[in-house]
Amino acid sequence: MHASSSPVLRDPGDIGDFERAAPWPQRAPAHSILDVFERAATRFAERPALTMLMTGEPDERPRVVSYAQLLDLIRRAANAFSALAGPRPVVAYMLPNLIETHAVLWGAECVGSSLPVNFLLQPGAIAELLRAAEADILVALGPHPRLDIWEKALEVQRLLPGLRLVRADAAVAGDDGAHDLGALLAAARGDALTCAPSAGGDAVAAYFHTGGTTGEPKLVQHTHTNQICAAFGAATLLNLDEHTVLTQGFPMFHVAAAMPCGLGPFLHGAHVLMMSPGGYREPAMVRNYWRIVERYRVTVAGGVPTAVGAILDVALDGADISSVQLGLTGGAPAPRAMSQRWEQVTGTRLHEVLGMTETAGVVSVAPRHGAHRIGSVGFPIPYTRAEVRRLLPDGGVGEVLPAGQTGALVISGPHVSPGYRNPAHDKGVFTADGLIGGDLAYTDSEGRLFVCGRSKDLIIRSGHNIDPEMIEQALTDHPSVALAAAVGQPDVYAGELPVVYVRLRPGAAASEPELRAHAQARIDERPAWPRQIYIVDDIPLTSVGKIFKPALRLDATRRLVESVLAHELQLADADVEVANTARGLEVRIALGSDDAAERDRVRAAFEGYLFSTRVDA
């Protein structure tokens, strides 16, 4: 094991001393994104910055890019974008994880702004994002036998006629008149910028979208300072350096891929392994994970909790993983049982990162050194503050709460975005008190931060607030459970009752009564005992591996309605649809008969529930 030259910060005392020794403007490792890569290329010129893994098979010969080569690519992209669209271009991209994706992201930020786009969205939603950001250029993966990114890009261009379209890494040639990224990069200079660089500092470097895909897009502005502070803070608490080898499987449109797993490692000369264009969604990356760790002597391993769970289901099969120094996870709470299993398999600790798009991807990190507490997301990164404040009925916040009391997490510091591109979206989020992002949290006596859910995810049973994570932790402690997700199911008396969806481990077995007894033995609050446990083959996830609870709430409502129809009204053949509308949850029931009395009977059965009901013939 090597000795790190980074400061060792174990607790709030160390972090406070570090902050007092030098203010942020003096401590900041760079003023702009261009500075980051120019300084890295000077210090670590021939060291590998990125390795692009496609299969992870032993005979693979991956593409490796050094820090000097990465800077060359970034400058070429910056020059190409400026030549194509003029000064300060806004460059959107729809790309899988590729070396060129880094060139596009950082090249755009060196001379203008980037707009990473989730290519799983539909063309209309994508066009709205580009329109809101006033994008000049869209870089998209060219025609591909398995992905429809290019088809979506052409549709977006039809919706936005002035958009300049750039085709990247096409498997087959196209005659659509788009610019070719490879040709643009080859023709541009890589030794220097031929245009004015971004001013850095408080200039906007990127727009990351958040807040779902319906309604007006919510674009979070990132300044250069925001991104550098967040990346520096995470890397400092984790003691990343030029000897670090880190696996990266987040999609490159997600802030975690760009900051804690991108810019943070790059600040310190680390080596980032890109785990296939599809990240951990590529089965080979999971199947070969431990052999990849052995081959590349990975020191920082991990991913989102769902990916970590899948990796832990893969046998080591003799792989030498002694290089691993720590596990890293984020994007969603890590179940306690998963953290314990990680320690058993790797002999290292699983460190959690708490991040938000509005904080450039990082709020707090469990430090590499010092006492470790499973379930904690550690301490706020240097130069920032994260306070637990009393949540008021109007959505505002009151006083700072003592250790052990749950409240709203309020964040401030140079990593916090100046706000959404549309200031109308700032209300209730970017406040005079700080950023109120919707997380519920508490601290322990030593200042560690514990996130215990989202205010909007709370299950409210007859006025009793139930933390869904308490239920989920109880179920994932069961050896047969791979994943658990608790949501509120409508109830005519209590408003809602807790139910939980459970996915079992491959080859494992467990009955509903067994899981119910297991949960009740571990949940102290009787109102939080799950009313129903649904054992399912799959639990819906977002594109970055987070549990997608809106879909589960709809399913829980549908199950409730179908149960009432079948068992109370003897109408098992009725069709039920549940949808979120502008006015809230709506249940639509098609009876298949034109009996007005029957429709009235059905309407009466659902009076009092917290959803609207439409009954059709």
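Residues numbered from 1 in each chain as written. Predicted model: local features only at pLDDT ≥ 70, side-chain atom pairs only at ≥ 80, totals over all residues. Heavy atoms only, no water.

### A closer look at the packing of helix 9 (residues 224–237) against helix 10 (residues 255–267)
A pair of packed helices is captured by two measures, namely the crossing angle of their axes and the spacing between those axes.
Okay, so step 1: Running from N to C, helix 9 and helix 10 cross one another at 80°; their axes reach a closest spacing of 8 Å. The angle between helix 9 and helix 10 falls in the class roughly perpendicular. For the pair helix 9 and helix 10, the contacting residues are Gln 227, Ile 228, Ala 231, Phe 232, Ala 234 and Ala 235 in the first and Met 259, Pro 260, Leu 263, Gly 264 and Leu 267 in the second.
Okay, so step 2: Tallied by class, residues from the contact of helix 9 with helix 10 come to nine nonpolar, two polar and no charged. (Axes fitted to C-alpha atoms, helices over the stretch in contact; angles between N-to-C directions. Helix = DSSP H or I, 4+ residues; strand = E, 2+ residues; numbered from the N terminus. Parallel < 35°, antiparallel > 145°, perpendicular 65-115°, else oblique. Contact = heavy atoms within 4.5 Å. Nonpolar A, V, L, I, M, F, W, Y, C, P; charged D, E, K, R; others polar.)

### Let's talk about helix 12 (residues 289–296)
Okay, so step 1: Considered for burial, the residues of helix 12 that qualify are Tyr 289, Trp 290, Ile 292, Val 293 and Tyr 296. Viewed end-on, helix 12 has its buried residues packed into an arc of 155°, placing them on one side of the element. (Buried < 20%, exposed > 50% of the residue type's maximum accessible area, 1.4 Å probe, protein only. Arc of directions from axis to C-beta.)

### Topic: the sheet that holds strand 27 (residues 532–535)
Okay, so step 1: Reading across the sheet, the three strands line up as 25-26-27 and stay open at both edges, with mixed pairing between neighbours. Two strands close off the open sheet at either side, each with one partner strand: strand 25 (481–491) and strand 27. Each strand of the sheet is rotated relative to its neighbour by a mean of 25°, with strand direction disregarded.
Okay, so step 2: Most of the contacts of helix 16 (residues 512–522) go to strand 27, to which it runs at about 130°, and overall it touches strand 25, strand 26 (495–504) and strand 27. (Pairing = 2+ DSSP bridges.)

### Concerning the nonpolar core
Okay, so step 1: Membership of the largest hydrophobic core comes to 138 residues, with the highest contact counts inside it found for Phe 37, Trp 106, Leu 130 and Val 139.
Okay, so step 2: Per-element accounting of this core gives the leading share, eleven residues, to helix 4 (residues 67–85).
Okay, so step 3: Ala 386, Ile 411, Tyr 420 and Leu 449 belong to the second-largest nonpolar core, a separate cluster that totals 18 residues. (Core = buried A, V, L, I, M, F, W, Y, C linked by side-chain atoms within 4.5 Å.)

### As for the pattern of salt bridges
Okay, so step 1: By the definition in use, this model includes 32 salt bridges.
Okay, so step 2: Here Glu 128 makes a salt bridge to Arg 131, at a shortest N to O gap of 2.4 Å. Note that Glu 128 and Arg 131 are positioned in helix 6 (residues 123–133) at a spacing of three residues, about one turn of the helix.
Okay, so step 3: Residue Glu 128 is classed as partly exposed on the basis of its relative accessible area, which comes to 35%.
Okay, so step 4: Given a relative accessible area of 40%, Arg 131 falls into the partly exposed group.
Okay, so step 5: Residue Asp 538 is joined to Arg 503 by a salt bridge in which the shortest nitrogen-to-oxygen separation is 3.8 Å. Placement of the pair is Asp 538 in the loop between strand 27 and helix 17 (549–568) and Arg 503 in strand 26, with a sequence separation of 35 residues.
Okay, so step 6: Classification of Arg 503 by relative accessible area gives partly exposed; the value is 22%.
Okay, so step 7: Residues joined in a network through salt bridges with shared partners are Arg 373, Asp 444, Glu 446 and Arg 448. (Salt bridge = Lys/Arg side-chain N within 4 Å of Asp/Glu carboxyl O.)

### Observations concerning empty space enclosed by the protein
Okay, so step 1: Across all of its chains, the model carries three cavities of 30 Å³ or more by this definition.
Okay, so step 2: Empty space within the largest cavity amounts to approximately 70 Å³.
Okay, so step 3: For the lining of the largest cavity, the per-class residue count stands at four nonpolar, five polar and three charged. (1 Å grid on protein atoms, 1.4 Å probe; cavity = no way out; pocket = protein on both sides within 12 Å on 5 of 7 lines; lining within 4 Å. Points joined across faces, edges and corners; volume = space filled by probe spheres on them.)

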